[in-house]
Amino acid sequence: MKTILITGGAGFIGSHVVRQFVKNYPNYKIINLDALTYAGNLENLKDIENEPNYVFIKADITDEERMDEIFQEYQPDGVIHLAAESHVDRSISSPLEFVKTNVLGTVNLLNAAKKLWNGNWEGKRFHHVSTDEVYGALGDTGFFTEETSYDPHSPYSASKASSDHFVRAYSDTYGMPIVVTNCSNNYGPNHFPEKLIPLCIHNILNNKPLPIYGDGKYTRDWLYVIDHAIAIDLVFHQAENGETYNIGGFNEWQNIDLVKELCRQMDEKLGREKGESEKLITFVKDRPGHDLRYAIDATKINKELGWKPTVTFEEGLSLTIDWFLSNQEWLDHVTSGDYQKYYDKQYN
Ligand code: NAD
Ligand code: DAU
């Protein structure tokens, strides 16, 4: 029996990781620790909330005392750390929130784990979930590998880069058994509609403008969220201590082409005339410090751990739209209240 503490498990990616671990490892106790910020939503986990190997704890990773208490009470063997402030645009208006959660929160967790494990590292693991944004921006060619130097540009990516450095420093300084994964843009069910794909799905449904920053030529490398969860499971269980793996689907899209493909699929599914949703595309003011292009070289995780994506982008996007169409109540819940205030401030 192992106890695994997953932070940020009520969020987008975390909820898929929690579900995967609860279902695949009935002999593990899975603790989901989440502060339930605007991005955390227990509705994401309704289907597994009564499983006997699942526990939810509402707590804030910036609360040092509480982290110590939880680690002492539950004695986790492993930590999979996803809790973070995750939206680049919010980091531009509130950078300090990102420093608090992403940097301070990560160091609190590292300290709580170090105190509990007390140098007995056998069978222990701290898996830090990070992003490709720490590597900065690419030009028209090339890929991020695990050897690419860090060069973050937004307060979000700077805070994630800092947290990655702290995690590696705890390995180098204290010998803590850590692994780090840096993944590209995820999409899929439960994606919070402040991010490009779910925001556009929501706006197409409501016939609202689809805001494209700048000229729309910015490029992102998209991965279906369940494939990210599968990769995390593999790395958590099979990687050597101290390793880093980049995760991505070799699936680059310029934002404008991606949104047009989304419009095409949505028109078909909604029975709208061809080209109808595309008329909603609106070019708006660019994001400051906008990174031109991200692209992950996922050769290492493929060669060493045999991971590759299980769905094509067309399938993944279709599954995602279908999920949003059959979960409009979920969308209504998360877009009521504070979401509207955020939206008006960001786009009007
Ligand atoms: P998200 O914003 O959907 O979820 C974050 C979760 O963390 C929420 O449930 C929130 O309540 C929780 N949280 C926030 N602050 C907290 C705090 N102080 N204490 C405890 N819980 C707190 O984020 P996501 O998109 O699911 O991303 C999860 C992780 O994966 C993040 O670390 C992010 O940097 C990383 N990542 C995301 C992507 C992506 O495309 N979304 C890609 C690569 C890496
Ligand atoms: O690369 C991994 C990262 O992907 C994660 O670490 C982040 O947590 C996650 O939020 C995501 O960051 P991005 O900034 O790439 O995602 P976002 O969905 O915000 O934007 C994707 C692209 O679309 C980006 O080039 C900005 C653009 N965009 C975004 C929004 C919200 C628009 O053109 N219009 C919009 O309204």
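What counts as what
- Residues numbered from 1 in each chain as written.
- Chains lettered and ligands numbered in written order.
- Predicted model: local features only at pLDDT ≥ 70, side-chain atom pairs only at ≥ 80, totals over all residues.
- Heavy atoms only, no water.
- Near = heavy atom within 4 Å.
- Polar contact = N/O pair within 3.5 Å; in protein donor to acceptor, adjacent residues only side chain to side chain.
- Areas by Shrake-Rupley, 256 points an atom, 1.4 Å probe, with all protein chains shown as cover.
- Helix = DSSP H or I, 4+ residues; strand = E, 2+ residues; numbered from the N terminus.
- Expected span 1.5 Å × (residues − 1).
- Buried < 20%, exposed > 50% of the residue type's maximum accessible area, 1.4 Å probe, protein only.
- Contact = heavy atoms within 4.5 Å.
- Axes fitted to C-alpha atoms, helices over the stretch in contact; angles between N-to-C directions.
- Left-handed = near helix turned anticlockwise from the far one by under 90°.
- Pairing = 2+ DSSP bridges.
- Phe/Tyr/Trp six-rings, centres within 6.5 Å; stacked < 30°, edge-to-face > 60°.
- Lys NZ or Arg CZ within 6 Å of the ring centre and 35° of its normal.
- Parallel < 35°, antiparallel > 145°, perpendicular 65-115°, else oblique.
- Nonpolar A, V, L, I, M, F, W, Y, C, P; charged D, E, K, R; others polar.
- Salt bridge = Lys/Arg side-chain N within 4 Å of Asp/Glu carboxyl O.
- Right-handed = clockwise from strand over helix to strand, strands pointing away.

Draft legend 1. Fine view of the site of ligand 1. Near ligand 1, the surroundings consist of 28 residues, among which I13, D34, S86, Y156 and K160 are the closest. S86 is positioned such that a nitrogen or oxygen atom in its side chain is 2.7 Å from an oxygen atom of ligand 1. In the model, an oxygen atom of ligand 1 is placed 2.7 Å from a nitrogen or oxygen of the K160 side chain. Taken by itself ligand 1 offers 840 Å² of open surface, and the protein chains cover 96% of this. Elements with a contribution of two residues or more to the shell around ligand 1: α1 (12-24), β5 (125-131), α5 (155-174) and β7 (185-187).

Draft legend 2. Just α5, in detail. The end-to-end C-alpha distance of α5, which contains 20 residues, comes to 28 Å, matching closely the 28 Å that a straight helix rising 1.5 Å per residue would cover. If you check which residues of α5 are buried, you get Y156, S157, S159, K160, A161, S163, D164, V167, Y170 and S171. Its buried side turned inward, α5 meets α3 (88-93), α4 (95-117), β5 and β6 (178-183). Just downstream of α5 lies G175, where phi reads positive at about 80 degrees.

Draft legend 3. Just the packing of helix α2 (residues 64-74) against α4, in detail. Relative orientation of the contacting elements α2 and α4 amounts to 40 degrees, with a least axis distance of 9 Å. α2 and α4 meet at a crossing whose hand is right-handed. Taking contact as the criterion, the partners of E64, M67, D68, F71 and Q72 in α2 are, on α4, N108, L109, A112, A113, K115 and L116.

Draft legend 4. Inspection of the sheet that holds strand β4 (residues 78-81) at higher detail. Read across the open sheet, the seven strands follow the order β3-β2-β1-β4-β5-β6-β10; overall the sheet is parallel. This sheet does not close on itself; its edge strands, each paired only once, are β3 (54-58) and β10 (244-247). Strand-to-strand twist in this sheet, taken as the mean axis angle between neighbours without regard to direction, amounts to 20 degrees. Pairing of β6 with β10, which is carried by four bridges, proceeds in the parallel orientation. Directly across from T181, in β10, lies its bridge partner Y245. Together, β1 (2-7), β2 (28-34), β3 and β4 form the strand contacts of α2, whose direction differs from that of β3 by roughly 160 degrees.

Draft legend 5. Region of interest: the site of ligand 2. Near ligand 2, the surroundings consist of 24 residues, among which T131, D132, Y156, R287 and Y347 are the closest. Note that a nitrogen atom of ligand 2 is positioned 2.8 Å from one of the backbone N or O atoms of P211. Within the side chain of R220, a nitrogen or oxygen atom sits 2.9 Å from an oxygen atom of ligand 2. Listing elements by their share of the shell around ligand 2, those giving two or more residues are α3 and β8 (210-213).

Draft legend 6. Region of interest: the packing of aromatic side chains. Applying the stated criterion across every chain yields a total of 22 aromatic pairs. Judged by centre distance (6.0 Å) and plane angle (75 degrees), the ring pair of F324 and W330 falls under edge-to-face. Neither F324 nor W330 differs from the other in exposure class; each is buried. Through successive ring pairs, a cluster of aromatic residues spans Y38, F192, Y213, Y339, Y343 and Y347. A cation over an aromatic ring shows up here: K114 above the ring of Y174, its NZ or CZ 4.5 Å from the ring centre.

Draft legend 7. Local environment of the packing of helix α6 (residues 196-205) against helix α10 (residues 313-326). For the pair α6 and α10, the least separation of the axes is 11 Å and the interaxial angle reads 50 degrees. The angle between the axes of α6 and α10 places the two elements in the oblique class. Considering the relative orientation of α6 and α10, their crossing is right-handed. Residues I197, P198, I201 and L205 of α6 pack against L317, T320, I321, F324 and L325 of α10. Across the contact of α6 with α10, the residue classes break down as eight nonpolar, one polar and no charged.

Draft legend 8. Geometry of the pattern of salt bridges. In this structure the tally under the stated criterion is 15 salt bridges. Measuring nitrogen to oxygen at the nearest pair gives 2.9 Å for the salt bridge that ties K115 to D68. You can see K115 sitting in helix α4 and its partner D68 sitting in helix α2, a full 47 residues away along the chain. Residue D68 is classed as buried on the basis of its relative accessible area of 18%. In this structure, the salt-bridge partner of K341 is D338, at a minimum N-O distance of 3.2 Å. Of this pair, K341 and D338 are both found in helix α12 (residues 338-347), three residues apart, which corresponds to roughly one turn of the helix. Classification of D338 as exposed rests on a relative accessible area of 52%. In the salt-bridge network here, residues are joined through shared partners; they are E261, R264, E268 and E314.

Draft legend 9. Quick peek at the pairing of β6. Where burial is concerned, most of β6 is hidden: six out of the six residues are buried. Of the two faces of β6, the one holding I178, V180 and N182 and the one holding V179, T181 and C183 are both buried throughout. Relative to β6, β5 runs parallel, the two sharing six bridges. Following the sheet pairing, S130 is matched in β6 by N182. For the crossover that starts at β5, traverses α5 and ends in the parallel β6, the hand is right-handed.

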